[in-house]
Amino acid sequence: MSLPCGQQIGPNDGEFWKQLSMKIHSQRIPFLGGLALTHRCNLGCIHCYAREDHPDLAEFELNTAQWKKIITEAKDAGCLFLLLTGGEPMLRGDFSEIYRFAKQNGFLVTVFTNGTLVTDKIAGLFREFPPKLVEISLYGASAEAHDRITGVPGSFDRARRGIETLIGLGVNVGLKSVLM
């Protein structure tokens, strides 16, 4: 962005961000938003409430049109940064449609995932519409520890493949872990 005096501002310009923050707070603009698209998950982590084996949870989820309406309302209110999370958001059959809609509406999207459902379709979506960040939860440094915590044999290897796929595409990936 150029200022009238020709001075450039960027993401590390402290004064710019200070003024922006003051404006956001004074006008009560919801600059950051998060959407829990589902409470279902394909893992059964010992520390977590989310489970795919509760099929009744799906009937309480908002549908695609409802999520698009919320995303539109968030955009109209001034939201810029949007988190898509769950449970495991990629369990939804319409995840790609919701994600694409958010990106096409100008959001800087972060996705929280366990990484096990990163498919070629998801990889293609992220190649076409790069996310700001994909944060992947790992529950151990070894397959044995990770799979014991998730309760799903092979989940470490699937998460690792998801991580490697995304990094191979140049997607900004962050790893996180729960200390137990």
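See the structure above.
Along each chain, residues carry numbers from 1 onward, in the same order as the chain's sequence is written. Residue-level local features of this predicted model are given only where pLDDT is at least 70; pairs of side-chain atoms are given and counted only at 80 or more, and the full residue set underlies all totals for whole chains, interfaces and linings. As a rule here, side-chain values come from all non-hydrogen atoms in the structure, and water together with hydrogens is ignored.

Colleague: How should I be thinking about the packing of helix H2 (residues 64-77) against helix H3 (residues 95-104) in this particular structure?
Modeller: Geometry of a packed helix pair, given as the angle between the helix axes and the separation of the axes. What counts as an axis is a line fitted to C-alpha atoms, over the stretch in contact for a helix, and the angles between N-to-C directions run from 0 to 180 degrees. Numbering goes from the N terminus for both helices and strands, where a helix is a DSSP run of H or I of at least four residues and a strand is a run of E of at least two. At their nearest, the axes of H2 and H3 sit 10 Å apart, and the two run at 20 degrees to each other. As far as their axial angle goes, H3 and H2 are roughly parallel. The two elements H2 and H3 cross, and the hand of that crossing is right-handed. For the pair H2 and H3, contact is made by Thr64, Trp67, Lys68, Ile71 and Thr72 and by Glu97, Ile98, Phe101 and Ala102, respectively. The nonpolar class holds Ala, Val, Leu, Ile, Met, Phe, Trp, Tyr, Cys and Pro. Asp, Glu, Lys and Arg form the charged class, and all remaining residues, Gly among them, are polar. Here the contact of H2 with H3 is composed, by residue class, of five nonpolar, two polar and two charged. Working rule for angles: under 35 degrees goes down as roughly parallel, over 145 as roughly antiparallel, 65 to 115 as roughly perpendicular, anything else as oblique. Throughout, a crossing is termed right-handed when the near helix is turned clockwise from the far one, and left-handed when it is turned anticlockwise from it by less than a right angle. Contact between two residues is taken to exist if any of their heavy atoms lie within 4.5 Å; hydrogens are not considered.

Colleague: Help me understand the sheet that holds strand E1 (residues 32-36), please; the structure alone is not making it clear to me.
Modeller: Across a sheet, strands are paired by hydrogen bonds formed along the backbone, either parallel or antiparallel in direction. If you walk across this open sheet you meet the five strands as E1-E2-E3-E4-E5, and the pairing is parallel. This sheet does not close on itself; its edge strands, each paired only once, are E1 and strand E5 (173-177). Averaged over all neighbouring strand pairs, the angle between strand axes comes to 20 degrees, with direction disregarded. The pairing criterion for strands is at least two bridges between them, as found by DSSP. For strand E2 (residues 81-85) and strand E3 (residues 108-113), the ladder comprises four bridges, and the chain directions are parallel. Along E3, the bridge assignment pairs Leu82 with Val109.

Colleague: When you look at the packing of H3 against helix H4 (residues 120-128) in this model, what are you seeing that I'm missing?
Modeller: In contact at an axis separation of 11 Å, H3 and H4 are set at 5 degrees when each is read in the N-to-C sense. One element, H3, and the other, H4, form an angle in the roughly parallel class. For the pair H3 and H4, the contacting residues are Phe95, Ser96, Tyr99 and Arg100 in the first and Lys121, Ile122, Leu125, Phe126 and Glu128 in the second. When its residues are assigned to classes, the contact of H3 with H4 shows five nonpolar, one polar and three charged.

Colleague: Mind showing me how you'd approach H4 here?
Modeller: Think of an α-helix as turning once every 3.6 residues; residues three or four places apart then point the same way. Within the sequence span of H4, burial applies to Ile122, Ala123, Leu125 and Phe126. The arc enclosing the buried residues of H4, seen along the axis, measures out at 160 degrees, which places them on a common side. Of the residues in H4, the exposed ones pointing more than 90 degrees away from the buried face are Asp120, Lys121, Arg127 and Glu128. With a 1.4 Å probe rolled over the protein chains alone, any residue whose accessible area is under 20% of its type maximum counts as buried; one over 50% counts as exposed, and the rest are partly exposed. Directions pointing from the helix axis toward each C-beta atom define the arc.

Colleague: Could you clarify how one ought to interpret the side chain of Thr110 in this entry?
Modeller: Following the sequence through the fold, Thr110 ends up in strand E3. Assessed through its relative accessible area of 13%, Thr110 is described here as buried. The contacts of Thr110, once residues within four sequence positions are left out, are Leu82, Leu83, Leu84, Lys132 and Leu133.

Colleague: What should I look at first to understand helix H5 (residues 143-150) in this one?
Modeller: When we look at burial in H5, the residues that qualify are Ala145, His146, Asp147, Ile149 and Thr150. Where H5 is buried, its residues contact strand E4 (133-138) and helix H6 (155-168). Where H5 terminates, the next one or two residues include Gly151, which has phi positive at roughly 75 degrees.

Colleague: What am I meant to see in the packing of aromatic side chains here?
Modeller: Each aromatic ring pair is described using two quantities: the centre-to-centre distance and the angle formed by the ring planes. Only the six-membered ring of Trp is used, alongside the rings of Phe and Tyr, when aromatic pairs are assigned; centres must lie within 6.5 Å, and planes under 30 degrees apart are stacked while those over 60 apart are edge-to-face, with the rest tilted. Overall, the coordinates contain two aromatic pairs when judged by the stated rule. Ring pairs connect the aromatic residues Phe95, Tyr99 and Phe126, which therefore count as one cluster. Sitting over the ring of Phe112, Lys176 keeps its end group 3.2 Å from the ring centre. Both a distance and an angle decide whether a charge sits over a ring: NZ of Lys or CZ of Arg must be within 6 Å of the ring centre and within 35 degrees of the ring normal.

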